[in-house]
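# Coordinate analysis (summary)
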Amino acid sequence: MNKDLMIEKTKLFVKDKLEYEGSGHDWFHIERVYKLAKYIAQKENADSFIVEMSALLHDIDDWKFSNTNDTKTTVTENFLKSINIDNESFKKIIKIIQTISFKGGVVDSTQHTIEGKVVQDADRLDAIGAIGIARAFTYGGSKSRIIYDPNLKPIDFKSLNEVKNSQNHTINHFYEKLLKLKDLMNTNTAKEIAQKRHKFMEDFLNVFYSEWNFNEQY
Ligand code: ADP
Ligand code: NI
């Protein structure tokens, strides 16, 4: 099977699996990350095939939806075997997928290849800006979290279980993760895109607090 066909098969596989996912990992998230990753890969001279495949498959075996905190990628591995991908590509893609996730900042997600850096940047870009804000509240809603509680102190997570089970308000997620992402981008291409998205989140939070405290200017 040639590489273009493999990518098309992967798109169909992922679309079928994630079409109705309701916590912000739906097919459209994958499609946005895929397009961003492809764009950044071209700018940064990364191997487009590895980047495209990893972007498409990065949320198939998500740690948050399993009962354990391991990084098993069984579904992805079985799929890659089913399309007879070469061994070298298999290893590269699995390595990226197993290490890409932020996981509350409590595990090492450093990427050592340009392909991993590109996919991680694309996934992180989709977590910030207007889309990032929408996704945060969607995720929070899926966990029955409230929008904001000024009496709750910000939590600094120490373990994966704390990240997974916290009953914090969703505004806290901006401080534990979203506002940190701009400085965690790997590539210059992503750093540039992140500036605007970051500024939009800061503006959003300022307006949010001023509405909350009813101190808008009329
Ligand atoms: P990553 O792949 O970096 O681990 P996640 O899978 O944790 O990203 O997050 C998927 C989406 O859900 C992102 O937009 C993220 O910001 C959002 N999200 C994750 N955890 C929370 C949370 N505790 N509160 C609100 N949004 C969250
Ligand atoms: Ni993702």
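Presented here is an overview of the structure given in this document. (Residues numbered from 1 in each chain as written. Chains lettered and ligands numbered in written order. Predicted model: local features only at pLDDT ≥ 70, side-chain atom pairs only at ≥ 80, totals over all residues. Heavy atoms only, no water.)

The final tally for this structure, using the stated rule, is six salt bridges. Between Asp126 and Arg32 there is a salt bridge, with the nearest N and O atoms lying 2.7 Å from each other. Here Asp126, found in the loop between α6 (114-125) and α7 (129-142), pairs with Arg32, found in helix α2 (residues 27-43); they are 94 residues apart in sequence, far enough to count as distant. Classification of Asp126 as buried rests on a relative accessible area of 1%. Of the residues examined, Arg32 reaches a relative accessible area of 26% and is grouped as partly exposed. Here Asp126 makes a salt bridge to Arg135, at a shortest N to O gap of 3.6 Å. The same class applies to Asp126 as to Arg135, namely buried. Connected through shared salt-bridge partners, Arg32, Asp126 and Arg135 make up one network. (Salt bridge = Lys/Arg side-chain N within 4 Å of Asp/Glu carboxyl O. Helix = DSSP H or I, 4+ residues; strand = E, 2+ residues; numbered from the N terminus. Buried < 20%, exposed > 50% of the residue type's maximum accessible area, 1.4 Å probe, protein only.)

Considering all chains together, one arrives at ten aromatic pairs under this definition. Between Phe13 and Phe79, the aromatic rings sit 4.1 Å apart at their centres with planes inclined by 10 degrees, giving stacked as the arrangement. In this pair, Phe13 sits in helix α1 (residues 3-18) while Phe79 sits in helix α4 (residues 74-82), placing the two residues 66 residues apart along the sequence. Classification of Phe79 by relative accessible area gives buried; the value is 9%. An angle of 65 degrees between the planes, with centres 6.2 Å apart, marks the rings of Phe137 and Phe204 as edge-to-face. Of this pair, Phe137 sits in helix α7 while Phe204 sits in helix α10 (residues 188-212), and the two are 67 residues apart along the sequence. Since its relative accessible area comes to 24%, Phe137 is described here as partly exposed. An aromatic cluster of three or more residues is present, and its members are Phe137, Tyr148, Phe174, Phe204, Phe208, Tyr209 and Trp212. (Phe/Tyr/Trp six-rings, centres within 6.5 Å; stacked < 30°, edge-to-face > 60°.)

Six octahedral donors around a metal ideally make angles of 90 or 180 degrees; four tetrahedral donors ideally make 109.5 degrees. At the metal site, the nickel ion (ligand 2) is ligated by His29 (NE2), His58 (NE2), Asp59 (OD) and Asp123 (OD), and these contacts range over 2.1 to 2.4 Å. Viewed at the metal, the four donor atoms of the nickel ion (ligand 2) are separated by angles of 84 to 170 degrees, and the geometry they form is irregular. Coordination of the nickel ion (ligand 2) draws on donor residues from a single chain, spaced H-x28-H-D-x63-D in sequence. Highlighted residues: His29 in helix α2 and His58 in the loop between α3 (48-57) and α4, separated in sequence by 29 residues. (Donors = N, O, S within 2.8 Å, 3.2 Å for Na, K, Ca; no water. Tetrahedral: all angles 85-135°; square planar, octahedral: opposite > 155°, others 65-115°.)

This part is about the environment of Glu44. In this structure, Glu44 sits in the loop between α2 and α3. When the C-alpha atoms of Glu44 and Thr76 are compared, they prove to be 26 Å apart, with 32 residues separating the residues in sequence. If sequence neighbours within four positions are ignored, Glu44 has contacts with Ile114, Val118, Thr187, Asn188 and Thr189. (Contact = heavy atoms within 4.5 Å.)

Taken as a whole, the largest pocket holds about 150 Å³ of empty space. In terms of lining, the largest pocket is formed by Ile50, Lys92, Lys95, Ile96, Thr99, Asp108, Thr110, Gln111, His112, Thr113 and Glu115. Split by residue class, the lining of the largest pocket holds two nonpolar, five polar and four charged. (1 Å grid on protein atoms, 1.4 Å probe; cavity = no way out; pocket = protein on both sides within 12 Å on 5 of 7 lines; lining within 4 Å. Points joined across faces, edges and corners; volume = space filled by probe spheres on them. Nonpolar A, V, L, I, M, F, W, Y, C, P; charged D, E, K, R; others polar.)

Now for α4. The complete set of buried residues in α4 reads Thr76, Phe79 and Leu80. The arc enclosing the buried residues of α4, seen along the axis, measures out at 100 degrees, which places them on a common side. Away from its buried face, by an angle of more than 90 degrees, α4 presents the exposed residues Lys81 and Ser82. Residues of α4 that are buried sit in contact with α1, α3 and α5 (87-99). One or two positions beyond α4, positive phi appears at Asn84, with a value near 55 degrees. (Arc of directions from axis to C-beta.)

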